[in-house]
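Read off the chains here:
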Amino acid sequence: MHLVTGATGNVGQRVVARLRAEGSPVRAFCRHPERLAFGPGVEPMAGDMADAAAARAALLGVDGVFLVRTPGVEAFWAEVERSAAQHVVFLSSGAIGLPVETHIGRAHAETEARIRASALRWGFVRAGGFMSNALRWAPAIRGDGVVRVPFADARSAPVDPRDLGDAAAAMLLDPERHSGSSPEITGPEVLSTRDQVAILSEVLGRPLRVEDVPESVAEAQLRGAMPAPMAESILALMRYGASVPEPSVRTAQAITGRPPRTFAQWAWDHREAFA
Ligand SMILES: NC(=O)c1ccc[n+]([C@@H]2O[C@H](COP(=O)([O-])OP(=O)(O)OC[C@H]3O[C@@H](n4cnc5c(N)ncnc54)[C@H](OP(=O)(O)O)[C@@H]3O)[C@@H](O)[C@H]2O)c1
């Protein structure tokens, strides 16, 4: 039995689907699993990561765990260590390896260190920025069609969360091969925000524009949408992205055996969110 945390999330829902497709029994854990119809072979279980009793119930009979970093992850991990689980795949962050200090990088490094110090076999998926972060622009795109961001020409290689989910499921299903590995996984193309909005414009069939705004404006927007350390991390990562001449591309293909999805594919599959 595999336990998938963050089971309705961008990545978790794909991990559930892949494990199920491979015939592995899955328990899908998050606070509101009723938001998705998981189908046969999946046992939804509602609970908060910070709730030790819920974690103990979720971990009963579980061999492998897919772990997502949400509030309460420390309490949850303490229960994993007390359980009979044998291996874990943790959705970590590529920010760990960057030469820029961020809360996001530090927090993921701390969780990795706790996992490494445990008796479980582990694998870490060190993810680059998600294509689904583009959903932050959906209200503007649905509104006046002007996406206001700082560093509009900063480039990165955003990854489709489904590729991360495919990779994590493959790592859970073959711990012999993947234990002790921490692959960095990005998307297949280097794109600026301007490039991504141009692709969305093509997919949606209407003109969209990008307006470069000062960092202070973006900071105020981000701070309104998330805790301050996260907002500061995202700005620091954007600032860093603007300074890197050629961001690296490290796809999941060696793990999943399939070509990585492009931003155009992601945009097409999520076009309704922007319409
Ligand atoms: N976005 C990026 O660019 C990026 C880059 C690198 C790494 N990451 C990592 O990826 C993670 C996000 O993955 P994602 O996009 O799949 O997340 P997501 O779509 O935001 O989903 C989060 C999942 O966690 C569940 N959850 C949230 N708080 C919870 C709690 N207290 N107890 C139990 N479940 C909880 C949510 O369901 P409920 O609300 O129903 O509980 C949901 O299933 C980040 O936390 C970060 O560690 C992100």
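Procedures and definitions
- Residue positions are given per chain, counting from 1 as you read along its sequence in written order.
- pLDDT decides what is reported in this predicted model: residues at 70 or higher carry local features, side-chain atom pairs at 80 or more are listed and counted, and totals for whole chains, interfaces and linings draw on all residues regardless.
- Here a strand is any run of E in DSSP of at least two residues, a helix any run of H or I of at least four, and the numbering for each starts at the N terminus.
- The burial label depends on the number of other C-beta atoms within 10 Å of a residue's C-beta. Counts of 20 or more mean buried, 12 or fewer mean exposed, and intermediate counts mean partly exposed, with C-beta atoms placed from the backbone.
- A pair of strands is labelled paired if DSSP reports no fewer than 2 bridges between them.
- Each direction from the helix axis to a C-beta atom contributes to the arc, which is the arc of those directions.
- Angles shown run from 0 to 180 degrees and are taken between the N-to-C directions of axes, each axis being a line fitted to C-alpha atoms and, for helices, limited to the stretch in contact.
- Orientation is classified from the angle alone, with under 35 degrees giving roughly parallel, over 145 giving roughly antiparallel, 65 to 115 giving roughly perpendicular, and any other angle giving oblique.
- What makes a crossing left-handed is the near helix being turned counterclockwise from the far one by less than a right angle; a clockwise turn instead makes it right-handed.
- Note on contacts: residues are paired as contacts if their backbone-placed C-beta atoms lie within 7 Å.
- Handedness of a crossover is defined as follows: orient the strands so they point away from the viewer, and if the path from the first strand over the helix to the second runs clockwise, the crossover is right-handed.

(A) Representation of unusual backbone geometry in the model. Positioned with a positive phi, phenylalanine 151 is a non-glycine residue whose angle comes to about 50 degrees. You can see phenylalanine 151 is positioned in the loop between strand S7 (146-149) and strand S8 (155-156). A residue is classified by how many C-beta atoms lie within 10 Å of it, and phenylalanine 151, with 20 of them, is buried.

(B) Fine view of the sheet that holds strand S6 (residues 121-127). The 7 strands lie next to each other as S3-S2-S1-S4-S5-S6-S9, forming an open sheet whose pairing is parallel. The open sheet has two edge strands with one neighbour each: strand S3 (42-46) and strand S9 (184-185). Relative to strand S5 (residues 87-93), strand S4 (residues 64-68) is paired through 5 bridges, and the arrangement is parallel. Note that in S5 the partner of valine 68 across the bridge is leucine 91.

(C) Inspection of helix H3 (residues 73-82) at higher detail. Every buried residue of H3 is accounted for by Val73, Phe76, Trp77 and Val80. Projection of H3 onto a plane perpendicular to its axis shows the buried side chains occupying an angular sector of 100 degrees, all on one side.

(D) Representation of the packing of helix H1 (residues 12-21) against helix H6 (residues 161-173) within the structure. The N-to-C vectors of H1 and H6 enclose an angle of 45 degrees; their axes lie 8 Å apart at closest approach. When the axis of H1 is compared with that of H6, the two are oblique. Considering the relative orientation of H1 and H6, their crossing is right-handed. Of the residues in H6, those in contact with Arg14, Val15, Arg18 and Leu19 of H1 are Pro161, Arg162, Gly165, Asp166, Ala168, Ala169 and Leu172.

(E) Representation of the pairing of strand S2 (residues 26-30) within the structure. Buried residues dominate S2, accounting for 5 of its 5 residues. Because side chains alternate across S2, one face comprises the buried residues Val26, Ala28 and Cys30, and the other comprises Arg27 and Phe29, equally buried. By the bridge criterion, 4 bridges tie strand S1 (residues 2-5) to S2 in an arrangement that is parallel. Bridge assignment links valine 4 to a residue of S2, and that residue is alanine 28. At this point the chain moves from S1, through H1, to the parallel S2, and the crossover so formed is right-handed. Of the strand pairs in this sheet, S2 and S3 are connected by 5 bridges, and their pairing is parallel. Residue pairing across strands places arginine 27 opposite glutamate 43, the latter belonging to S3.

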